[in-house]
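Residue-level listing of the chains:
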Amino acid sequence: MKVVLFCGGYGMRMRSGAADDVPKPMAMVGPRPLIWHVMRYYAHFGHTEFILCLGYGAHHIKDFFLNYEETTSNDFVLRGGRTELLSTDIADWTITFAQTGIESPIGERLRRVRHHLDGDEMFLANYADVLTDAPLPEMIDRFARRDAGASMMVVPPQSSFHCVELGEDGLVGGITAVSELPLWENGGYFVLRQEVFDHIPENGDLVADGCAGLAKQGRLVAHQHRGFWKPTDTVKERAALDEAYARGDRPWAVWERDGAGVSA
């Protein structure tokens, strides 16, 4: 299936300075940017047709792939001055680079690449800045068997804060960690049918309009995932992933489990 990646946002909380115009999906985790890790995850499961919804800082993403260095993450032999790769990352990938506007909300970005989906009944979508070890084939298979318009991966709340129960007299009746509440968050991994477009108006949002509209009709399903899932909304979160990569703690790198790992 085709994979639509939303990678045109400003990513203000990831900025390290006023002159930093690198979009969030291009923040580095190890020797590769976030978007590469997300794409490598999908490619591992056989989904190698990507549609990149570009916007802010699009030239950074284009330059990365136009000048891609396979030797950065693959073993190779240098013989007679020529490089012989022992494995490759993106040789079998098809990547469509689509400018979808600087200020466009995610739903509008999706609308603007609809023609690239060629009327495919089902397709995948992702924010391009969240890493997980979720079982993608299971997520797709469960959705394919359901009569629904969209599937959204949901995860337990990630906040470290606590909720406080107060009585009328101001006394605290209880304290509960947000992560222990019976709540689920949007995990950013979607399996969609063309039906979702019926619920996204011009300049609309994928979740607030598309998914919410399907939910009202009982046509949105959730895939609950309690395994590894990490967002990169802040510099601190990105740095934590980078440090984990450096020490070899990479649960999101499902492709390494089969012995086709990425060099450190």
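Notes on the structure in this doc start here. A quick note: this is a predicted structure, and the numbers were derived from the prediction, not measured.

Turning our attention to the layout of surface pockets. Unfilled space is identified by rolling a water-sized probe across the atoms. If you add up the space inside the largest pocket, you get close to 470 Å³. In this structure, the largest pocket is lined by 23 residues; those nearest its centre are Lys24, Ile106, Tyr127, Asp129 and Asp233. Listed by contribution, the elements that provide at least two residues to the lining of the largest pocket are β1 (2-7), α3 (106-112), β13 (185-193) and β15 (229-231). Ranked by the residues each element gives to the lining of the largest pocket, the list is headed by β13, at three residues. Of the residues assigned to the lining of the largest pocket, the class counts are ten nonpolar, seven polar and six charged. In this structure, the second largest pocket spans a volume of roughly 410 Å³. Lining the second largest pocket are 16 residues; nearest its centre among them are Gln158, Lys230, Pro231, Glu237 and Ala240. Looking at the lining of the second largest pocket, the elements with two or more residues in it are β15 and α6 (235-246). Here the lining of the second largest pocket gets five residues from one element, more than from any other, and that element is α6.

Before going further, it helps to examine helix α2 (residues 58-66). Considered for burial, the residues of α2 that qualify are Ala58, Ile61, Phe64 and Phe65. End-on view of α2: buried residues confined to an arc of 130 degrees, all on one side of the axis. On the buried face of α2, the contacting elements are β1, β3 (32-33), α1 (34-44), β4 (49-54) and β7 (94-99).

All right, on to the sheet that holds strand β14 (residues 220-224) then. Judged by pairing direction, the sheet is mixed, and its seven strands sit side by side in the order β7-β4-β1-β8-β13-β10-β14 without closing on themselves. Of all strands in the sheet, those bounded by a partner on one side alone are β7 and β14. Neighbour-to-neighbour, the strand axes of this sheet turn through a mean angle of 25 degrees, independent of strand direction. Across three bridges, β1 lies against strand β8 (residues 122-126) in parallel orientation. Following the sheet pairing, Leu5 is matched in β8 by Asn126. Of the strands in this sheet, β1, β10 (150-155), β13 and β14 are in contact with helix α5 (residues 206-216), which crosses β13 at around 65 degrees.

Reading guide: rules and limits
Residues numbered from 1 in each chain as written. Predicted model: local features only at pLDDT ≥ 70, side-chain atom pairs only at ≥ 80, totals over all residues. Heavy atoms only, no water. 1 Å grid on protein atoms, 1.4 Å probe; cavity = no way out; pocket = protein on both sides within 12 Å on 5 of 7 lines; lining within 4 Å. Points joined across faces, edges and corners; volume = space filled by probe spheres on them. Helix = DSSP H or I, 4+ residues; strand = E, 2+ residues; numbered from the N terminus. Nonpolar A, V, L, I, M, F, W, Y, C, P; charged D, E, K, R; others polar. Buried < 20%, exposed > 50% of the residue type's maximum accessible area, 1.4 Å probe, protein only. Arc of directions from axis to C-beta. Contact = heavy atoms within 4.5 Å. Pairing = 2+ DSSP bridges. Axes fitted to C-alpha atoms, helices over the stretch in contact; angles between N-to-C directions.

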